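Observations on the three-dimensional arrangement
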Amino acid sequence: MKIAVYPGSFDPITNGHLDVIERAAKLFDKVIVSIIRNPEKRSFFSLKDRFEMLKSSSFHCDNVEIDSFDGLLVDYVREKKAGAVVRGLRAVSDFDYEFQMALTNRRMAPEIETVFLMTDYRYSYLSSSFVKQIARLGGDVSSLVPGPVAKRLQKLKKGAR
Ligand code: PNS
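Residues numbered from 1 in each chain as written. Predicted model: local features only at pLDDT ≥ 70, side-chain atom pairs only at ≥ 80, totals over all residues. Heavy atoms only, no water.

Going by what an unreviewed UniProt entry lists, the chain is known as Phosphopantetheine adenylyltransferase and is assigned to candidate division WOR-1 bacterium RIFOXYC12_FULL_54_18. The Pathway (unreviewed entry) field of the UniProt record for the chain holds the comment "Cofactor biosynthesis; coenzyme A biosynthesis; CoA from (R)-pantothenate: step 4/5." The heading Sequence similarities (unreviewed entry) in the UniProt record of the chain holds the text "Belongs to the bacterial CoaD family." (UniProt positions renumbered as here; feature names shortened; annotations may be inferred.)

If you want it as structure tokens, here you go:
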């Protein structure tokens, strides 16, 4: 059984993340989408909120699981008996950071492969940070994020979380 872990902050999940999840689900028997619990950068949404938003965003794939992790990614991947880490690449600007992370992880765990999946060009500019900013400033994010996330972000306009 080929298992992959797709780790990230997902703060919140965007249509770009969803695109990567759907692509990964076609390549692996099981994909574990895992939210980092204690990222160095503070998350805007709580772990519970991020979890709920991921869960309620329909994946159209039944081989996708949602989970969370802390500590080293490679330890978690080993614990899950996964052979690969999936990361999405939007544009060249993502490459430096992703390259560094993949090689660092490889140094610690040579048996784990990092697989980069290109997001659809329609999402190549999309980031969780911009989505939050647009929502806070009263813009429409309904074409950028899954429905349940858009609903949640809508509340930001009114100052609620
Ligand atoms: O969505 P993000 O914020 O780009 O995800 C980054 C993430 C969670 C994949 C990365 O920060 C991570 O793997 N953190 C776990 C700690 C770790 O293993 N660090 C060493 C990797 S170089």
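Here Ser34 is to be found in strand β2 (residues 30-36). Among the residues examined, Ser34 registers a relative accessible area of 0% and is labelled buried. Residues within four places of Ser34 in sequence aside, it is in contact with Val5, Tyr6, Pro7, Gly8, Phe10, Asp67, Ser68, Phe69 and Tyr76. (Helix = DSSP H or I, 4+ residues; strand = E, 2+ residues; numbered from the N terminus. Buried < 20%, exposed > 50% of the residue type's maximum accessible area, 1.4 Å probe, protein only. Contact = heavy atoms within 4.5 Å.)

Attention now goes to helix α1 (residues 15-27). With 13 residues, α1 extends 19 Å between its outermost C-alpha atoms, agreeing within 8% with the 18 Å of an ideal straight helix rising 1.5 Å per residue. Within α1 the residues assigned to the buried category are Asn15, Gly16, His17, Leu18, Asp19, Val20, Ile21, Ala24 and Ala25. Two to three positions downstream of the cap, the backbone nitrogen of Gly16 sits 3.1 Å from a side-chain oxygen, assigning the N-cap of α1 to Thr14. (Expected span 1.5 Å × (residues − 1). Polar contact = N/O pair within 3.5 Å; in protein donor to acceptor, adjacent residues only side chain to side chain.)

What follows is about the nonpolar core. Tyr6, Val33, Leu54, Val86, Val141, Val145 and Leu153 are the most contacted members of the largest nonpolar core, which has 32 residues in total. Put simply, the parts of the chain that give this core at least two residues each are β1 (3-8), α1, β2, α2 (47-56), β3 (64-69), β4 (84-89), α5 (128-136) and α6 (147-157). Top element by residues in this core is α1. It accounts for five residues. By size, the runner-up hydrophobic cluster in this structure holds 13 residues, among which are Ile3, Val5, Val74 and Ala82. (Core = buried A, V, L, I, M, F, W, Y, C linked by side-chain atoms within 4.5 Å.)

The strands making up a sheet are joined through hydrogen bonds of the backbone, oriented either antiparallel or parallel. Taken together, five strands build an open sheet; the order of strands is β3-β2-β1-β4-β5 and the sheet is parallel. The open sheet has two edge strands, β3 and β5 (113-118), and neither has a second partner. Strand-to-strand twist of the sheet, defined as the mean angle between neighbouring strand axes without regard to direction, takes the value 30°. Bridge analysis of β1 against β4 gives two bridges, and the strand direction is parallel. Considered in β4, the bridge of Val5 is made with Val85. Docked against the sheet, α1 engages β1, β2, β3, β4 and β5, running at close to 120° with respect to β5. Here helix α4 (residues 92-108) sits on the sheet in contact with β4 and β5, set at roughly 170° to β4. (Pairing = 2+ DSSP bridges. Axes fitted to C-alpha atoms, helices over the stretch in contact; angles between N-to-C directions.)

Sequence positions flagged by UniProt for "site: Transition state stabilizer" (unreviewed entry) are, in local numbering, His17. Mapped onto the fold, His17 is located in helix α1. Other than its neighbours up to four places away in sequence, His17 contacts Tyr6, Phe10, Pro12 and Ser128. A distance of 2.9 Å separates the side chain of His17 from the backbone nitrogen of Thr14, its partner in a polar contact.

The next point concerns unusual backbone geometry. Looking along the chain, the bond that leaves Asp11 and enters Pro12 is cis, with omega of 5°. Of note, Pro12 is situated in the loop between β1 and α1. In the Ramachandran plot, Phe10 falls in the positive-phi region, its phi being about 45° despite a non-glycine side chain. Structurally, the position occupied by Phe10 is in the loop between β1 and α1. One non-glycine residue, Lys81, adopts positive backbone phi at about 55°. Tracing the backbone through its elements, the reader meets Lys81 in the loop between α3 (73-79) and β4.

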